[in-house]
Amino acid sequence: MSKVVFARKNKYQPNVSQFLALCGRNYMHIQRWLTLEPCEGEQWRVKGEFGQLDVCLLENTRYTQLVQISRCVGSHDWLTTPKVSVRIYHDAKLAEVLTSQQIYQLRPVYDYPNMHMHHRDEKYQVNAFLEELLKIDNLTKFVS
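Quick notes on the rules
- Residues numbered from 1 in each chain as written.
- Predicted model: local features only at pLDDT ≥ 70, side-chain atom pairs only at ≥ 80, totals over all residues.
- Heavy atoms only, no water.
- Pairing = 2+ DSSP bridges.
- Helix = DSSP H or I, 4+ residues; strand = E, 2+ residues; numbered from the N terminus.
- Buried < 20%, exposed > 50% of the residue type's maximum accessible area, 1.4 Å probe, protein only.
- Expected span 1.5 Å × (residues − 1).
- Contact = heavy atoms within 4.5 Å.
- Polar contact = N/O pair within 3.5 Å; in protein donor to acceptor, adjacent residues only side chain to side chain.
- Salt bridge = Lys/Arg side-chain N within 4 Å of Asp/Glu carboxyl O.

**Student:** Where do I start with the pairing of strand E2 (residues 51-60) in this structure?
**Tutor:** In summary, the side chains of a regular strand alternate between the two faces of the sheet. Where strand E1 (residues 43-48) lies against E2, 6 bridges are found, and the strand directions are antiparallel. When the sheet's bridge partners are listed, Arg45 is paired in E2 with Asp54. Where E1 folds back on E2, the antiparallel hairpin that results is connected by 2 residues. In the sheet, E2 pairs with strand E3 (residues 64-71) via 7 bridges, with the strands oriented antiparallel. Bridge pairing in E3 links Asp54 to Ser70. In this structure, the hairpin formed by E2 and E3 is closed by a connection of 3 residues.

Here is the structure:
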């Protein structure tokens, strides 16, 4: 008689140092074009070699800012505009995505499979997407 051995799935463990490094890189990208005298509701456009980003300052506090960043892709019915809300922590020098597209609250880890088909590391993936989005401004120019 043979024994049946079931392989137990390893629980996903997020790599915190890798995530913090990513948020630090995003902070450095954003600092290149963040305004020095911020006012809530202020909007501006960042134009780069690979396109342009629309930025809106939603909230401004002593140590943090909340900005909404969207990529200008033109007006197409079949294409949605990539949009993220980013909390910028000036004291920690980190920028973290809070919301993205239809995800209004990102959890650190998702069970997989799940109803919305989020990746186990969805929070990391969305912040990595922000990093790619911010690479648009290799040659930053401000457009009013």
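**Student:** Where do I start with the pairing of E3 in this structure?
**Tutor:** Among the 8 residues in E3, 6 count as buried, and that is most of the element. Here E3 pairs with strand E4 (residues 83-89) via 7 bridges, running antiparallel. Residue Thr64 lies in a different strand from E4, and its bridge partner there is Tyr89.

**Student:** What am I meant to see in helix H1 (residues 16-31) here?
**Tutor:** Counted at 1.5 Å a residue, the expected span for H1 with its 16 residues is 22 Å, and the 22 Å between its end C-alpha atoms agrees. If you check which residues of H1 are buried, you get Phe19, Leu22, Cys23, Gly24, Asn26, Tyr27, His29 and Ile30. Buried positions along H1 lie against E3, E4, strand E5 (94-100) and helix H2 (122-134).

**Student:** What should I look at first to understand the side chain of Ser85 in this one?
**Tutor:** Structurally, Ser85 can be placed in strand E4. Take Ser85: its relative accessible area is 15%, and that puts it in the buried class. Leave out the neighbours within four places in its chain, and Ser85 touches Leu66, Val67, Gln68, Glu96, Val97, Leu98 and Thr99.

**Student:** Got a minute to help me understand the side chain of Thr64 in this structure?
**Tutor:** Here Thr64 shows up in strand E3. In this structure Thr64 comes out as buried when scored by relative accessible area, which is 15%. Of note is the side chain of Thr64, whose polar atom sits 2.6 Å from the side chain of Thr61.

**Student:** Looking at this structure, I do not really get the pattern of salt bridges. What am I missing?
**Tutor:** Working definition: two side chains of opposite charge can pair if their charged atoms are close together. Under the criterion given, the structure shown has 5 salt bridges. The salt bridge partner of Glu131 is Arg25, with a shortest N-O separation of 2.7 Å. Here Glu131 is found in helix H2, whereas its partner Arg25 is found in helix H1, with 106 residues between them in sequence. Judged by relative accessible area, Glu131 falls into the buried class, the value being 11%. Under the relative-accessibility criterion, Arg25 is labelled partly exposed at 37%. The partner of Lys135 in a salt bridge is Glu132, and the shortest N-O contact between them spans 3.3 Å. Overall, Lys135 belongs to the partly exposed group, its relative accessible area being 33%.

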